[in-house]
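Residue strings, one per chain:
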Amino acid sequence: MFDKIFRHKTMSWISRYVLRVFQHICLAVVVALIFYIYKGSSFTGTDGVDYNLQKDDVGKEYADSELFNTILFDNLKNAVELAAYQTLFETDGVYNGEKNIDVTAFINRNTVLQSDYITAVYPVSNLIKWSQNGFEYDDVNYSTRESKDFFVATTVYTHLLKNNAEGGMNAFLNSQLANNVVRTNVKENVKDGAGSHTVLIPRYKTVNGENIEEIVSDWDEYNELCANITETASTMAAAYERYDDYKDKYSFYKSNFRYYITRTINARTEVFTNVDSLKSGTNGLNMKDVFKSYGRYIYFCPYDIEYSTNTQISEDTLRQIIGNYQYAFPDQMKFYFAVDINKTANTDNFKIGKDAFNRYMPYYRQLYMIMVFFAIAYLIVLVHLSIYEGRIEYPDGTVGGIERIDVIPIEAVLLFSVVVLGILFGLFEFSVNNYEIVKHNTLNMSLLAGGISFVGDNAICYAVSSIIRRAKAGWLYKTSLFRYCLELIHKLFEKMTLRQNLFVRTVLPYILSAFLNLYLILRWRMVGVVIVAVLDVAVAIYIINLNNDKFIILDALKRIGKGELDVKVDVNKLHSGNVYLGEELNKISVSVEEAVNRSMRDEKLKADLITNVSHDIKTPLTSIINYVDLLKRENIDDPKVSEYIRILDNKSQRLRQLTDDLVEASKISSGNITLNIQELNFAEFVNQILGEFYEKFESFGLVPILKCEKYDVFIRADARQLYRVIENLLNNVCKYALPNTRVYMDLVVVKTENSGSKALFSVKNISKNELNINADELTERFIRGDISRSTEGSGLGLSIAKSLTTAMGGEFEIILDGDLFKVNVAFETGKFSNGNPSSEKVQI
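A.B. asks: Give a detailed account of the overall build of the protein chain, specifying residues and quantitative values.
C.D. replies: Across its full length, the protein chain carries 24 helices and 28 strands. A total of 844 residues make up the protein chain; the buried ones form 40% of that total. Contacts spanning at least 24 positions in sequence make up 73% of the contacts within the protein chain whose residues lie at least 6 apart. Accessible surface, the protein chain: about 47,100 Å² in total, of which carbon and sulfur atoms supply 55%.

This is how it looks when you write it as structure tokens:
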């Protein structure tokens, strides 16, 4: 199928023109329908509430729709609220500012109030004005006497003769009954009221001509009554504002909503309604029939438990609405609500909703089908034209690839399209905001949106088609201002390398950039601002690349510092002067690698030399030792000869030990050593080795003292190599410790910085020779504490001990303090005995 559609390799220019016009028409239709559907399916009511038409209302009458019942629900809430306010402010349907309000009963209108209570009664108008004018307070310091004089001697209590909750009555409604209140004075216990108190400055007196302090006798009663007064006044003022607004909104000639509510208390019936003809009387009228005649109605009588309606509002919903104002509505109530659907002449939410419903709902499915059809057609034409773009056949027979307009920088083309769209959008906004014929007419607004979309799509397609042609021909980047700017900036900054003056590389470009930005902004205003923004973005990208180069170079330096010798920086990814940094870094890397390789070769040659020489010495040395051993077995009487043989034996054994140490050191330095790491008890290990050195310590006149902090300390190490480490340390003590002194050895468990533990074995002794040497030098090969080298030893013992300790994952440290020589050997441990004896001394 697609082969048949696209069987032609080219498209005529007239075909493209016709398809483009059709494409613009399709978009204009889609946009116009979107606006029509959006504006037609939603509207804002007179009170600022947004309403939306529901697709489920298709095929229904307006009065049966979800929209109608949603509006009805909102009006029911407002009407019930208005009726509750009317009970507060009106008498016989007329506002009565002298209507009395018991503040304590009002505050407790939703709760049960005790029979005797403290209160103040004000005309409702005074409470409203008091709140509107604001409450004034004064902070006063009273002595005991002044506090007593401020109040009256007795507290005035109010008693409701009839205070029951039968028939939905409450304390507030009972307080408004005529002749239902008795006031009595009660003498209270005198309280000390000395101190600082906040006094409410009275603006009005009660209906009995009293101030607040003339009703109560202490500060607790005063503060509570003041709180009730201010809260009641604030509530009354807020209620009065809503009452005044709703009273106007639901007047008979401004609303299609009708209500008639009766309240009966003590055989006296009050009427609250917005139907003027029913205010004078309803003799001979069946109110239910009257409200049915309006079209849609609701009747509800809680006392008779009767509910009747032809709307979607349920009884529970209405009960919930009325329940918010129980203080105003006892059981003896009758509620009549209706919407005059036959008239709907008044401009309220019902009228606005009906107009929107009739304008939109009958054509709901058709509008969506048309919109989807033209949207699909638009996409098909757009794809079809995009495929053939760059293969248009012109009247002269030529087939165009790149057209004349495609030599214009693509940024200029995009900018032109954006400017056109901005102008069109501004024109639309201006028309909607300034012309009522557009703002309040959905059809006109939709037609305007469609026309602007037609023109705007031309601008968009102009840019998109040019981009497609350039992309197919590989000219998109070539004809870009971005490319020209990058090349220019690249050439400019290529000259600003590290070899140039700092002023030329930094200060001069900054000054030029600042002057250029200022010139462009002053010369072309907003266009200049756009150009400056583009240039600044380009500079920012360049600076980001320079900083990224620095991170690349820094990362390479860090890797070299960590021992990676084959690190190379790709200079092709660097910019400007960073190229030279990268090249020099690569040279440094090569030099370091060569130096390290050379050092490793030298070290290997040295190790091989030591090994080979040691092996070569071992063969004749073994013969010497064997012959000396044979001589020792002969019965030689000459004491001089015997002394010579003894010296030969000592020196040959020392030479053998030296060769063994050399071979061992060579193996360790070259890594040619096998470790058998296993768990062992460090405490037992040290004790065992110390026992083997008993005679040797005694022969040198040394007294070893071992202190173990814990009985069992387990570490992971190679037992054979660990033995060699401790053996070397103890041999070193025997050689260099001052005779007839003590040698202290401690084994403790210490905490590490990462919350772990390590076993620390330390050996301390007093040197018999002056230690004029650095501690670090003692672990180097062939370094001895005896500078005269008069003692036995090769100078490899501590070096081997340190290398073996490090190879097993431990730590080795030498500390010198005058003649005090101390060695610390530490291994990580996670297992040791819970016992903690104060000390465990092993003295030999």
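A.B. asks: I'd like a description of the packing of helix α5 (residues 124-133) against helix α8 (residues 219-249), backed by residues and values.
C.D. replies: At their nearest, the axes of α5 and α8 sit 8 Å apart, and the two run at 95° to each other. By the angle between their directions, the pair α5 and α8 is classed as roughly perpendicular. In this structure, α5 contributes Val124, Leu127, Ile128, Trp130 and Ser131 to the contact, and α8 contributes Ile229, Thr232, Ala233, Ser234, Met236, Ala237 and Tyr240. Taken together, the residues of the contact of α5 with α8 break down into nine nonpolar, three polar and no charged.

A.B. asks: Could you give an account of the pairing of strand β26 (residues 820-828), naming the residues involved and the relevant values?
C.D. replies: Relative to β26, strand β24 (residues 757-766) is paired through nine bridges, and the arrangement is antiparallel. Among the inter-strand pairings, Asn765 is bridged to a residue of β26, identified as Phe821. Pairing of strand β25 (residues 811-817) with β26 involves seven bridges; the strand directions are antiparallel. Opposite Ile815, over in β26, you have Lys822 as the bridge partner. Adjacent in sequence and paired antiparallel, β25 and β26 are bridged by two residues, among which Gly818 carries a positive phi angle near 70°.

A.B. asks: A description of the packing of aromatic side chains should follow, citing residues and the corresponding values.
C.D. replies: Under the defined criterion, the tally for this structure stands at 42 aromatic pairs. Ring geometry for Phe106 versus Phe172: centroids 5.3 Å apart, planes at 70°, classification edge-to-face. Here Phe172 lies in helix α7 (residues 171-175) and Phe106 lies in helix α4 (residues 103-107), a separation of 66 residues in the sequence. Judged by relative accessible area, which is 1%, Phe172 ranks as buried. When the ring of Phe373 is compared with that of Phe374, the centres are 5.3 Å apart and the planes differ by 85°; the resulting orientation is edge-to-face. Overall, Phe373 belongs to the exposed group, its relative accessible area being 53%.

A.B. asks: Let's hear about the nonpolar core: which residues, and what values?
C.D. replies: Counting 89 residues, the largest nonpolar core has Tyr222, Phe257, Phe329 and Phe337 as the members making the most contacts within it. It is helix α3 (residues 66-89) that provides the largest number of residues to this core, a total of 13 residues. Not counting residues within four places of it along the chain, the set of residues in contact with Tyr222 comprises Phe150, Phe151, Thr198, Val199, Leu200, Ile212, Glu213 and Val216.

A.B. asks: I'd love a proper account of a nonpolar patch on the surface, names of residues and values included.
C.D. replies: On the surface, a cluster of nonpolar side chains totalling about 430 Å² of accessible area is made up of Leu415, Val419, Ile423, Val530 and Val534. In terms of residue count, helix α14 (residues 410-434) provides more of the nonpolar patch than any other element does, three residues in total. The topology assignment puts Val534 in helix α18 (residues 502-561).

A.B. asks: Requested: an account of empty space enclosed by the protein, with residues and values cited.
C.D. replies: One pass over the full model with this rule turns up one cavity of 30 Å³ or more. In this structure, the largest cavity occupies an estimated 80 Å³ of space. Counting residues per element, the ones that place at least two in the lining of the largest cavity are α2 (13-40), α13 (364-388) and α16 (442-473). Here the element with the most residues in the lining of the largest cavity is α16; it accounts for four residues. Of the residues assigned to the lining of the largest cavity, the class counts are five nonpolar, three polar and two charged.

A.B. asks: Outline the sheet that holds strand β15 (residues 295-301), supporting the account with residue identities and numerical values.
C.D. replies: Ordered by their spatial adjacency, five strands build an open sheet running β14-β13-β17-β15-β16, and the pairing between neighbours is antiparallel. In the strand order of this sheet, the two ends are held by β14 (268-273) and β16 (306-309), each with one partner. Between one strand and the next, the sheet's axes are offset by a mean angle of 10°, whatever the strand orientation. Pairing of β15 with strand β17 (residues 333-340) involves six bridges; the strand directions are antiparallel. Its bridge partner being in β17, Gly295 is matched across the sheet by Asp340. With respect to the sheet, helix α11 (residues 315-323) is in contact with β15, β16 and β17, its orientation differing from that of β15 by roughly 65°.

A.B. asks: Explain the confidence of the model for the protein chain to me, using residue names and the numbers behind them.
C.D. replies: Across the protein chain, pLDDT averages 80, with 83% of residues at or above 70. Predicted confidence for residues 1-7 stays below pLDDT 50, and this span has six contacts to residues more than four positions away or in other chains. Predicted confidence is poor over residues 836-844, with pLDDT under 50, and the contacts of this stretch with residues over four places away or in other chains come to 22 contacts.

A.B. asks: So what about the sheet that holds strand β10 (residues 154-160)? Which residues, and what values?
C.D. replies: Two orientations exist for strands paired in a sheet by backbone hydrogen bonds: parallel and antiparallel. With respect to topology, three strands assemble into an open sheet ordered β7-β10-β11, the strand pairing being antiparallel. The sheet is open, and its two borders are formed by β7 (116-117) and β11 (181-187), each paired with just one other strand. As judged from the seven bridges shared by β10 and β11, these two strands associate in the antiparallel manner. Of the residues in β11, the one forming a bridge with Thr154 is Lys187.

A.B. asks: Explain the pairing of β24 to me, and be specific about the residues and the numbers.
C.D. replies: By the bridge criterion, eight bridges tie strand β23 (residues 742-751) to β24 in an arrangement that is antiparallel. Residue pairing across strands places Val748 opposite Leu760, the latter belonging to β24. Between β23 and β24, which pair antiparallel in sequence order, lie five residues; one of them, Ser755, sits at a positive phi of approximately 65°.

A.B. asks: Go over unusual backbone geometry with me, naming the residues and quoting the values.
C.D. replies: Across residues other than glycine, the phi torsion is negative in most instances, and most of the peptide bonds are trans. One non-glycine residue, Asp92, lies in positive phi territory at about 55°. Mapped onto the elements of the fold, Asp92 is located in the loop between β4 (90-91) and β5 (94-95). Its relative accessible area of 64% is what places Asp92 among the exposed residues. The backbone of Ile305 shows a phi angle near 50°, a positive value even though the residue is not glycine. Along the polypeptide, Ile305 turns up in the loop between β15 and β16.

A.B. asks: Tell me about the packing of α3 against α8, and name the residues and values.
C.D. replies: Running from amino to carboxyl end, α3 crosses α8 at an angle of 120°, the nearest separation of the two axes being 9 Å. In terms of orientation, α3 lies oblique with respect to α8. Like other packed secondary-structure pairs, α3 and α8 cross with a definite hand, here left-handed. Each of Asn78, Glu81, Leu82, Tyr85, Gln86, Leu88 and Phe89 in α3 lies in contact with α8, whose residues at this interface are Met236, Ala239, Tyr240, Arg242, Tyr243, Tyr246, Lys247 and Lys249. Its residues assigned to classes, the contact of α3 with α8 shows nine nonpolar, two polar and four charged.

A.B. asks: Got a sec to walk through α8? Specific residues and values, please.
C.D. replies: Residues lying three or four places apart along an α-helix face the same way, a consequence of the helix completing one turn every 3.6 residues. Along its 31 residues, α8 runs 45 Å from first to last C-alpha, staying within 8% of the 45 Å computed at 1.5 Å per residue. The backbone nitrogen of Asp220 lies 3.1 Å from a side-chain oxygen of the residue at the head of α8, namely Asp218.

Definitions and limits used
- Residues numbered from 1 in each chain as written.
- Predicted model: local features only at pLDDT ≥ 70, side-chain atom pairs only at ≥ 80, totals over all residues.
- Heavy atoms only, no water.
- Helix = DSSP H or I, 4+ residues; strand = E, 2+ residues; numbered from the N terminus.
- Buried < 20%, exposed > 50% of the residue type's maximum accessible area, 1.4 Å probe, protein only.
- Contact = heavy atoms within 4.5 Å.
- Areas by Shrake-Rupley, 256 points an atom, 1.4 Å probe, with all protein chains shown as cover.
- Axes fitted to C-alpha atoms, helices over the stretch in contact; angles between N-to-C directions.
- Parallel < 35°, antiparallel > 145°, perpendicular 65-115°, else oblique.
- Nonpolar A, V, L, I, M, F, W, Y, C, P; charged D, E, K, R; others polar.
- Pairing = 2+ DSSP bridges.
- Phe/Tyr/Trp six-rings, centres within 6.5 Å; stacked < 30°, edge-to-face > 60°.
- Core = buried A, V, L, I, M, F, W, Y, C linked by side-chain atoms within 4.5 Å.
- Patch = residues over 30% accessible without salt bridge, like charges linked within 9 Å, V, L, I, M, F, W, Y side chains within 5 Å.
- Salt bridge = Lys/Arg side-chain N within 4 Å of Asp/Glu carboxyl O.
- 1 Å grid on protein atoms, 1.4 Å probe; cavity = no way out; pocket = protein on both sides within 12 Å on 5 of 7 lines; lining within 4 Å.
- Points joined across faces, edges and corners; volume = space filled by probe spheres on them.
- pLDDT = per-residue confidence, 0-100.
- Left-handed = near helix turned anticlockwise from the far one by under 90°.
- Expected span 1.5 Å × (residues − 1).
- Polar contact = N/O pair within 3.5 Å; in protein donor to acceptor, adjacent residues only side chain to side chain.

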